[in-house]
Amino acid sequence: RMLNAGSGPLAPPPKDCSTYVPELGVVPVFATDGLARFYMQLYDQLGLQPPRVPAHCPIEELRRCFPRNHFDVVHMRNALDHTMDPLLGVRQMLE
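What you see is a predicted model, and the numbers here were worked out from it, not measured in a lab. (Residues numbered from 1 in each chain as written. Predicted model: local features only at pLDDT ≥ 70, side-chain atom pairs only at ≥ 80, totals over all residues. Heavy atoms only, no water.)

A. Here's a closer look at the packing of aromatic side chains. In this structure the tally under the stated criterion is three aromatic pairs. Here Phe30 and Phe71 contribute two aromatic rings whose centre-to-centre distance is 5.6 Å and whose plane-to-plane angle is 65°, an arrangement assigned as edge-to-face. In this pair, Phe30 is assigned in strand β4 (residues 29-33) and Phe71 in the loop between α2 (62-65) and β6 (73-76), connecting sequence segments 41 residues apart. Residue classification places Phe71 among the buried residues on the basis of a relative accessible area of 14%. Aromatic side chains Phe66 and Phe71 sit 4.9 Å apart centroid to centroid with 75° between the ring planes, which places their arrangement in the edge-to-face category. Of the two residues, Phe66 and Phe71, neither departs from the other in class, the shared state being buried. (Phe/Tyr/Trp six-rings, centres within 6.5 Å; stacked < 30°, edge-to-face > 60°. Helix = DSSP H or I, 4+ residues; strand = E, 2+ residues; numbered from the N terminus. Buried < 20%, exposed > 50% of the residue type's maximum accessible area, 1.4 Å probe, protein only.)

B. Local environment of the sheet that holds β6. Within the open sheet, the four strands sit side by side as β5-β4-β1-β6. Their pairing is parallel. With one partner strand each, in any of the chains shown, β5 (55-56) and β6 form the two edges of the open sheet. One ladder, built from four bridges, connects strand β1 (residues 2-5) with β4; its direction is parallel. Counted as the bridge partner of Asn4 is Ala31 from β4. (Pairing = 2+ DSSP bridges.)

C. The arrangement of the side chain of Asp33 in detail. Counting through the fold element by element, Asp33 comes out in strand β4. Buried and without a salt bridge, Asp33 has Arg37 as its closest oppositely charged side chain, separated by 9.6 Å. A distance of 3.4 Å separates the side chain of Asp33 from the backbone nitrogen of Ser7, its partner in a polar contact. Residues in contact with Asp33, not counting those within four places in the same chain, are Gly6, Ser7, Gly8, Tyr39, Pro54, Ala55, His56 and Cys57. (Lys, Arg positive; Asp, Glu negative; His and termini not counted. Salt bridge = Lys/Arg side-chain N within 4 Å of Asp/Glu carboxyl O. Polar contact = N/O pair within 3.5 Å; in protein donor to acceptor, adjacent residues only side chain to side chain. Contact = heavy atoms within 4.5 Å.)

The values reported here are purely geometric and, on their own, carry no functional implication.
Shown next, in the form of structure tokens:
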């Protein structure tokens, strides 16, 4: 399983890894964002239904949202500097 932390308003699709590691096949990607509930409000106001949406889970609260060692890969891009406690966020991603 793969976590895309701080994904923004659009959640990515599952990742097909079979080209690189055939036995992996398609890997599920879980997207989270601390602002996800606000993205959902905007979608509702605009009457939009995106294909995939992130779960509301701030990076500092990953352990509340998911059990330890739940993910094989954790990815975060251009979002750590938007958190309240970046070091806690990194610790949560490493657990």
